[in-house]
There are 2 protein chains.
Amino acid sequence: MTSETDMDWIAVDWGTTNLRVWAQDDAGRTLAHRQSEKGMGKLSRQDFEPALLELVADLLPAGGKRPVIVCGMAGSRQGWAEAPYKTVPCTPPSVEDATRVETTDPRLDVRILPGIKQMSPPDVMRGEETQIAGFLADNPDYSGTLCLPGTHTKWVALENGNIERFQTFMTGESYALYSSQSVLRHGLSADALDGAAYEAAVTRLLDKPTRFAAELFGVRAGGLIAGLTPEQASGRLSGILIGAELAAVRDVLDLSDVTLLGSDGIAKSYRTALNCLGHDARLLDAGTITLKGLALAFSRLSKVSS
Amino acid sequence: MTSETDMDWIAVDWGTTNLRVWAQDDAGRTLAHRQSEKGMGKLSRQDFEPALLELVADLLPAGGKRPVIVCGMAGSRQGWAEAPYKTVPCTPPSVEDATRVETTDPRLDVRILPGIKQMSPPDVMRGEETQIAGFLADNPDYSGTLCLPGTHTKWVALENGNIERFQTFMTGESYALYSSQSVLRHGLSADALDGAAYEAAVTRLLDKPTRFAAELFGVRAGGLIAGLTPEQASGRLSGILIGAELAAVRDVLDLSDVTLLGSDGIAKSYRTALNCLGHDARLLDAGTITLKGLALAFSRLSKVSS
C-alpha cells in the first residue's frame, strides 16, 4: 500500500452534484481517489471546508501545508468563493488565474480555478475549461471543434490551443426532463434506445429543423396509435433533441473535424448524429482528463506561488 | 333557489387532472356546477363511478335515470372505458359515436364521447374535439385555423365545419418543466413576463428557427453575465418556445385567419406572437365552450337513444 505521507497536492473536481478528490504525488501518481455527494448545490459557503476535510483530513500531514487545486461550480457565486470568469478568446485558465480561499485548517492551501464566459452570445462554463486544458496538454496548438457531451453539452471552437468561442446546449437535461417528467414518459423505455429510430429522427430534424416543436408530441401519439415501441420512442426523442442541437451547431461551427471528449453512450450518440451529417468524429476517453487539467495547473504553481 | 329535481342531464369534462360536472336542464340552464381533483390520472377503472357520484349523487332523482355526457381523458385506454377515436378528416364526434358504460347506480346513463386521431403525422386529442364542437355550434361551416392554447396546445385546420387535420405542441408543458425543474429556474420570475423580451425572442426564433436549441441556455447565461432580469428571462423563455412552435405551425397551416379559443394570458401571448408574424388573430372566450359542445351532444341524444 502506498504511504499516504507521500501526498503532495490534492486535485478537486467540485460540481453541482458531486465532489471528487484525488490525492496526488509530484510524480503524477494518484495515491487515493474519493468522492461524496456533497456537490455545490447542497452546500452553503461554510459547508465547503468541512465537506472537503471529510474526504482528505486523514491524508494531510500534521504541520504541513498542501495545495488544493479546485475546478467546477465551487467557484460560482453560490459556491465556496467566487472565482471570476476569464473571457474568450483565451487560453484555459490556470493557477495564476485562481482565487485563493482562506481556510480554518492551516494544512490547506486552496486555489479555485475560474470558469470561462463569452459575452456574445452570452455563455458560461465552469469545470469544462479544465477538461479542455487536460485535452490541450496532449494536443497543444490544437485547432478544430471540441464537443464535451453531458447534461449541458459544450461545443468549443479551438484555434492554436486558444478557446475562440463556445456554445452550451441543454440537450441532456431536456432529455431527462421529458423522459421522466412529461407526458412522453408513459411511452418510453428506460433501458434501450432503438438506433434506427434515433438516426431517422436526427436525419429528419437536420432535413427540416423547423419541425422540432411539432415532433415532440408525436413521440407520444406514435406510441398510442402508430405502433411505436418504447425503445423506438426513446430513440426518436433522443434523435429529435440531438438533431435540433446539431441543426443549431452546424450554423456556427465547423463539424468536419470534431473531437468528442467522452466514450460513453452519449458520446457515441453524438458521433452517430455527426455521421448522419456525413462527418466522422474522434472519440477520446474523458475519464482522467479533468485530473490532467488540474495537474497542469499544479505544475505551474511553483512559478506563480507567493 | 332552483329546485334540483329539474335536472335533466349531467355534463362532464373529465381531464387528466380535474373532474368538472354541470347539472343541466332541458332549457340549457346550469342548475349546479361542481368539480373535484379526481382527474383520470389519479383513478383506477373502478374509481370513476364513485368519483362521479361524490359530486352528483344528491342531484339524481330516486327511481329516475339521467343521461351523463362525458368528454376527455375518461375515455382513454387508462380511463373509465375506452371510447375509440374518430379519424380525421371528420366532424367532431357526438353522442352517436359515444361509448356507453354500465354503472352500478341505476340512475346513471353514461356515454363517453371519443377523441380524434390523425394517422399521418400521428396525433391525438381527447376533450378538445368537444370544445371544437362547441365552437362550431356558433360558427357552423367555419373554414380557417383554430388554436386551443394550453399545456398541450392544439392547432386545427377546419373546412366547412370539418376537422381536416391538427397538430399538438407541448409548449405549455415544456415551459412548466424548464421554469420549475431545469437550471433555468434560478433566473426566472414566477410572476411576470417582460413583453419586449418575449417579442424579441419570438421574432428571433421566427427569423432563424435553427437557433432554438442554442437559445435555451442563453436564458441562464444572460442572467449570470449580461444583466438579463428575471422578468426578461421569463419573457425570453416563453418567446423561444412559442416562437419555435409558430415556426413549425406556419409551414403547415394558414396563419392569416386564426381564432384562438381562450382569453387568458396564454391566449394573448399567442396573439402577440402571431402579430410578430404580421397576422392578427381573434380571441374567443373558451370558458363555457366545452359545456356547449356537451350540450350539443345531449341535444342529439333523443335521435339516437336506444
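Structure shown above.
Below, the structure is looked at part by part. Since this is a predicted model, take the numbers as computed values, not measurements.

Turning next to the packing of helix H5 (residues 212–225) of chain B against helix H6 (residues 230–249) of chain B. Packed helices, taken two at a time, are described by the angle between their axes plus the distance between the axes. Residues and elements named next belong to chain B. Look at H5 against H6: their axes get within 10 Å of each other, and the N-to-C directions meet at 165°. Taken together, the axes of H5 and H6 lie roughly antiparallel to each other. Judged by the twist between their axes, the crossing of H5 over H6 is left-handed. Touching Phe 212, Glu 215, Leu 216, Gly 218 and Val 219 of H5 are Ala 233, Arg 236, Leu 237, Ile 240, Leu 241 and Ala 244, all from H6. A per-class count over the contact of H5 with H6 returns eight nonpolar, one polar and two charged.

Time to look at the pairing of strand S8 (residues 116–119) of chain A. All names here are of chain A. Burial along S8 is one-sided: the residues Ile 116 and Gln 118 are buried and none of Lys 117 and Met 119 is. In terms of strand pairing, strand S5 (residues 86–87) meets S8 through two bridges, oriented parallel. Of the residues in S8, the one forming a bridge with Lys 86 is Ile 116. The sheet contact formed by S8 and strand S9 (residues 122–125) spans four bridges and is antiparallel. Bridge pairing in S9 places Lys 117 opposite Val 124.

Another point: the relation of the copies chain A and chain B. Between chain A and chain B, the superposition needs a rotation of 180° and an axial shift of 0.0 Å, giving an RMSD of 0.0 Å. In symmetry terms, the pair is related by a two-fold rotation axis.

What follows deals with the pairing of strand S13 (residues 258–261) of chain A. Side-chain direction in a regular strand flips from residue to residue, so the side chains alternate between the two faces of the sheet. Residues and elements named next belong to chain A. Residues Val 258 and Leu 260 of S13 are buried on one face, and the alternating residues Thr 259 and Leu 261, pointing to the opposite face, are buried as well. Here strand S10 (residues 144–148) runs beside S13; their pairing, made up of three bridges, is parallel. Note on S13: the bridge partner recorded for Thr 145 is Val 258. Relative to strand S14 (residues 281–284), S13 runs parallel, the two sharing four bridges. Note that in S14 the partner of Thr 259 across the bridge is Arg 282. With helix H7 (residues 265–276) bridging S13 and the parallel S14, this β-α-β connection has right-handed handedness.

Right, let's get into the interface of chain A and chain B. Every contact between the two is made by 42 residues of chain A and, on the other side, 42 residues of chain B. Of all residues in chain A, the largest losses of buried area upon contact with chain B belong to Met 170, Phe 217 and Ile 225 of chain A, amounting jointly to 20% of the total for that side. For Lys 208 of chain B, the salt bridge goes to Asp 251 of chain A, with nearest N and O atoms at 3.9 Å. Viewed at the interface, chain B and chain A are joined by eight residue pairs in polar contact (both at pLDDT 80 or more). Where the side of chain A that touches chain B is concerned, the elements lending two or more residues are S8, S9, strand S12 (162–169), helix H3 (171–181), helix H5 (212–225) and helix H6 (230–249) of chain A. Of all the elements, H5 of chain A adds the most residues to the side of chain A that touches chain B, at ten residues. Here the side of chain A that touches chain B is built from residues that sort into 23 nonpolar, ten polar and nine charged.

Rules used in this analysis
Residues numbered from 1 in each chain as written. Chains lettered and ligands numbered in written order. Predicted model: local features only at pLDDT ≥ 70, side-chain atom pairs only at ≥ 80, totals over all residues. Heavy atoms only, no water. Axes fitted to C-alpha atoms, helices over the stretch in contact; angles between N-to-C directions. Helix = DSSP H or I, 4+ residues; strand = E, 2+ residues; numbered from the N terminus. Parallel < 35°, antiparallel > 145°, perpendicular 65-115°, else oblique. Left-handed = near helix turned anticlockwise from the far one by under 90°. Contact = heavy atoms within 4.5 Å. Nonpolar A, V, L, I, M, F, W, Y, C, P; charged D, E, K, R; others polar. Buried < 20%, exposed > 50% of the residue type's maximum accessible area, 1.4 Å probe, protein only. Pairing = 2+ DSSP bridges. Least-squares fit on C-alpha atoms with pLDDT ≥ 70 in both. Right-handed = clockwise from strand over helix to strand, strands pointing away. Buried area = accessible area lost by both parts, 1.4 Å probe. Salt bridge = Lys/Arg side-chain N within 4 Å of Asp/Glu carboxyl O. Polar contact = N/O pair within 3.5 Å; in protein donor to acceptor, adjacent residues only side chain to side chain.

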